[in-house]
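# Breakdown of the fold
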Amino acid sequence: MAQKASAAEDRKKKSGELWKEIKKNRACYAMLAPFMLFFIVFTVIPVLMSLPMGFTDFNMVQRPKFVGLSNYATLFLSDKIFLRSIRVTLVFALLTGPVSYVLCFLLAWLINELPAKLKTVFTLVFYAPSLANVYTVWQLIFSGDMNGYLNSFLINLGIINSPVQWLTDGRYVLGATIVVQLWISLGAGFLALRAGFQNIDRSMYEAGAIEGIRTRWQELIYIVIPSMGPQLMFAAVMQIVGSFTAGTVAQNLVGFPSTDYKAHTIMTHAYDYGWVRYEMGYSAAICMVLFVVMYLLNRLISRVLSKYMD
Amino acid sequence: MATVDTVRLKASNRQAGRKIGGTAAIFIFLFILGAFMVLPIYLTVIMSIKPVEELFVFPPKLYAIRPTLDNFRDMFRALSSNRVPFSRYVFNSVWVTVSVTALQCIFSSMAAFVLAKCRFPGSKLINSIIVIALLYQSNVIYIMQYIVMARLGLIDNPLALILPSVASPMGLFLMRQSISQVPDAMIEAAKVDGAGLFRICWQVVMPNQKPALMTLIIFAFQAAWNIQTGTLVFREQYKTLPTVVTQAAASGLARAGVAMAAAVFMLVPPIVIFMLAQRQVIETMAHSGIKE
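Since the structure is predicted, the reported quantities are computational estimates derived from the model, not experimental observations.

Definitions and cut-offs
- Sequence order as written defines the numbering, with residues in each chain counted from 1.
- Written order decides the labels, with chains lettered from A and ligands numbered from 1.
- Residues qualify for local features only when their pLDDT is at least 70, as the model is predicted, and side-chain atom pairs are given and counted only at 80 or more; totals for whole chains, interfaces and linings, by contrast, use all residues.
- Side-chain numbers here rest on the full set of heavy atoms in the structure, without hydrogens or water.
- Domain limits in this description derive from either an automatic procedure or a database domain assignment.
- Buried area: the accessible area, evaluated with a 1.4 Å probe, that two parts lose upon being put together, summed over both parts.
- Here a salt bridge means any side-chain nitrogen of Lys or Arg lying within 4 Å of a carboxyl oxygen belonging to Asp or Glu.
- Two N or O atoms count as a polar contact when they lie within 3.5 Å, although within protein this holds only if one can serve as hydrogen donor and the other as acceptor, and sequence-adjacent residues are included solely when both atoms are side-chain atoms.
- Only DSSP runs of H or I reaching four residues or more are called helices, and only runs of E reaching two or more are called strands; each is numbered from the N terminus.
- Accessible area is worked out with a 1.4 Å probe on protein chains only. A residue is then buried under 20% of its type maximum, exposed over 50%, and partly exposed in between.
- Only heavy atoms enter the contact rule, under which two residues are in contact if any of them lie within 4.5 Å.
- For helices, the fitted axis covers only the stretch in contact; all axes are lines through C-alpha atoms, and the angles between them, taken along N-to-C directions, range from 0 to 180 degrees.
- Here roughly perpendicular refers to angles of 65 to 115 degrees, roughly parallel to angles under 35, roughly antiparallel to angles over 145, and oblique to all remaining angles.
- Take the far helix as your reference; a near helix turned counterclockwise from it by less than a right angle gives a left-handed crossing, and one turned clockwise gives a right-handed crossing.
- Three residue categories are used. Nonpolar comprises Ala, Val, Leu, Ile, Met, Phe, Trp, Tyr, Cys and Pro, charged comprises Asp, Glu, Lys and Arg, and polar comprises the others, including Gly.
- By definition, disulfides here are pairs of cysteine sulfur atoms that lie within 2.5 Å.
- The definitions used throughout rest on a 1 Å grid laid over the protein atoms alone, on which a cavity is an enclosed set of points accommodating a 1.4 Å probe that cannot get out and a pocket is an open set flanked by protein within 12 Å on both sides along at least five of seven lines; lining residues are those having an atom within 4 Å of a point.
- Grid points are joined across faces, edges and corners, and a volume is the space filled by probe spheres set on the points.

### Here we look at the domain arrangement of chain B
Residue and element names in this part refer to chain B. Entries for chain B in the domain assignment read domain 1 (18–68) and domain 2 (73–283). With centres defined by C-alpha atoms, the gap from domain 1 to domain 2 works out at 30 Å. Across the domain 1 to domain 2 interface the summed buried area is about 540 Å²; carbon plus sulfur atoms make up 90%. Looking at the side of domain 1 facing domain 2, the largest losses of area belong to Thr-44, Met-47 and Ser-48, adding up to 60% of the total buried there. Counting every contact that joins domain 1 to domain 2 gives zero salt bridges. Our enumeration of links across domain 1 and domain 2 arrives at zero residue pairs in polar contact (both at pLDDT 80 or more).

See the structure below:
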């Protein structure tokens, strides 16, 4: 009895303390409020509403019908195209993600070594593809007839004799998609890293020079990277999202569905079921699998990065 | 004293003291890679000023033989044949873009500051929710968002284009990462001086966050400028530029050329904003005034 009473009192005391903590920090909540209001209404609530959809049969006309785990069972046991899309997504993400991440950092650093005027120009040059989002021109570059820029270029050089069907030949579909994805992938992460370089305190370099740091490489390893942790983390998250949820590039470039499902990513599969066949429940289950993969990967990367930074 | 001065001099002439060869090599490397990066965009611009008959010349040329503004004329003709004057779309887009960008910068900066530098019940939870929101992508969200907006009576309301974009988890995450680098000592010092959190945020922290803030402006502007009306707004007088420009590009006679003209036309404002913001980023000499 006594124990129970004391436990209850303990809880009461604890909640009282929590309340005091909350009251003490009310300025924090006030400053957070405008963002959180819109974030909760337009992001958190829709996300929460979408979570159970993977367990339902939902065609967007009738009310969702609860079906338990059957969507997930179908996905992993009998949907051959889904299993194929996992492989495509992994190949795609493992090829574009890390390459693009290293490229973002490397280019941001190299640009930082240039004089101020050139910095602006080169930052624009490398970021411009994410501003433009032009797929039409890539279709013309990879176009399968002799008018395609790539074909005509290679024919002129004598490397190929007849035009190659870059966008429909199963052998080249994924490759072409990867090229375009890499081209547009120097986006948010790259700019955030550029800003991060700009944020490094001059006195750090001065202190480094006093301690005998001479070359660019030493500066990079001893000064720059250790003080860029937050930006590196930001770029990593952007890269994960970008490389795993890629689908629009393939859909716009090589058509939908692509030849032999060669560029059929998980996201494309979800799009197929959601907006083409109106099986939203199944589509939500697909997206959920993808989210779990990305979440685990994010945990792993943040652990590695934080270990390295400390 | 003299030695300190020379070291200072050496340090401040960091760039000058470097081998010029290294910088030149970097320039050449970036130039070659950069040429590949801009080539497709260059081709887009070229295609937009090519007359129809030149689009299918073999071998395809990297320049226009007889440049023309016909494609742009066709695009504007398609745009102004609507019942609503063209200037109305421009106004809608500018209004949406400016309000989204401004609100996003103000709201995310304040929230990011609190989340990066204060500990209070719930702060850890909110921090991880932000990252989860970034990672969670699903088709179904759009449907749920639509349901929420319908409940709020926002469908076919011009606010439907603005309100959902105001709180971007990406913008908040960017600012939070950057503000977390501000030394705690600086904030403590301001607190000792009697400044409240709001003043610390805007007068102590944010003036040092120009690079991140300018980057956020670029992201926000770019996203807002491309907001399509989609299924949220039906009335012609509320439609934005990207919506009608896409329509025009799809209906044009020489489709490729007009589509390119539309792409070029839509690209100009984000590039202008980008240049203005980047210049601000680069002019900042990071100096927090306090060393850790």
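### Some thoughts on the pattern of salt bridges
Per the stated rule, a full pass over the model turns up five salt bridges over all chains. For the salt bridge of Lys-24 of chain A with Glu-21 of chain A, the shortest nitrogen-to-oxygen distance reads 3.5 Å. Note that Lys-24 of chain A and Glu-21 of chain A are positioned in helix α1 (residues 2–24) at a spacing of three residues, about one turn of the helix. Under the relative-accessibility criterion, Glu-21 of chain A is labelled partly exposed at 33%. In this structure, Arg-73 of chain B engages Asp-70 of chain B in a salt bridge whose closest nitrogen and oxygen atoms are separated by 3.3 Å. Here Arg-73 of chain B and its partner Asp-70 of chain B are both found in helix α4 (residues 70–80), three residues apart, which amounts to about one turn of the helix. Overall, Arg-73 of chain B belongs to the partly exposed group, its relative accessible area being 45%. Residue classification places Asp-70 of chain B among the partly exposed residues on the basis of a relative accessible area of 34%.

### Remarks on the interface of chain A and chain B
Opposite the 103 residues of chain A that make contact, chain B presents 108 residues. Summed over both sides, the interface of chain A with chain B buries roughly 9,300 Å², with 76% coming from carbon and sulfur. Three residues, Met-31, Phe-35 and Phe-42 of chain A, lead the burial of chain A against chain B; their summed loss comes to 9% of the area buried on that side. Linking chain A with chain B are zero salt bridges, by the criterion used here. Run the count over chain A and chain B and you get 10 residue pairs in polar contact (both at pLDDT 80 or more). Top element by residues in the side of chain A that touches chain B is helix α2 (residues 26–50) of chain A. It accounts for 18 residues.

### A look at the side chain of Thr-243 of chain B
Residues and elements named next belong to chain B. Structurally, Thr-243 is set in helix α13 (residues 241–251). For Thr-243, the side chain forms a polar contact with the side chain of Thr-240, separated by 3.0 Å. Setting aside residues no more than four positions away along its own chain, Thr-243 makes contact with Gln-228 and Thr-229.

### Topic: the packing of helix α10 (residues 184–192) of chain B against helix α11 (residues 197–205) of chain B
Residues and elements named next belong to chain B. Running from amino to carboxyl end, α10 crosses α11 at an angle of 125°, the nearest separation of the two axes being 10 Å. Comparing their axes, α11 and α10 come out oblique. Between α10 and α11 the crossing geometry is right-handed. Facing α10, whose interface residues are Met-186, Ile-187, Ala-190 and Lys-191, α11 presents Leu-197, Ile-200, Val-204 and Val-205. In the contact of α10 with α11, the residues fall into seven nonpolar, no polar and one charged.

### What about the state of the cysteines?
This model, assessed by the stated rule, comprises zero disulfides over all chains. No disulfide involves Cys-118 of chain B; its nearest neighbouring cysteine sulfur is the one of Cys-28 of chain A, lying 3.6 Å away.

### What to know about empty space enclosed by the protein
For the structure shown, the criterion picks out five cavities of 30 Å³ or more. Of the pockets and cavities examined, the largest cavity occupies roughly 70 Å³. Contributing to the lining of the largest cavity are Ala-192, Ala-195, Gly-196, Asn-199, Pro-230, Gln-231 and Phe-234 of chain A together with Leu-174, Gln-177, Ser-178, Pro-211 and Ala-212 of chain B. Elements with a contribution of two residues or more to the lining of the largest cavity: α9 (188–199) and α12 (229–244) of chain A together with α9 (169–179) and α12 (210–225) of chain B. Here the lining of the largest cavity gets four residues from one element, more than from any other, and that element is α9 of chain A. Of the residues assigned to the lining of the largest cavity, the class counts are seven nonpolar, five polar and no charged.

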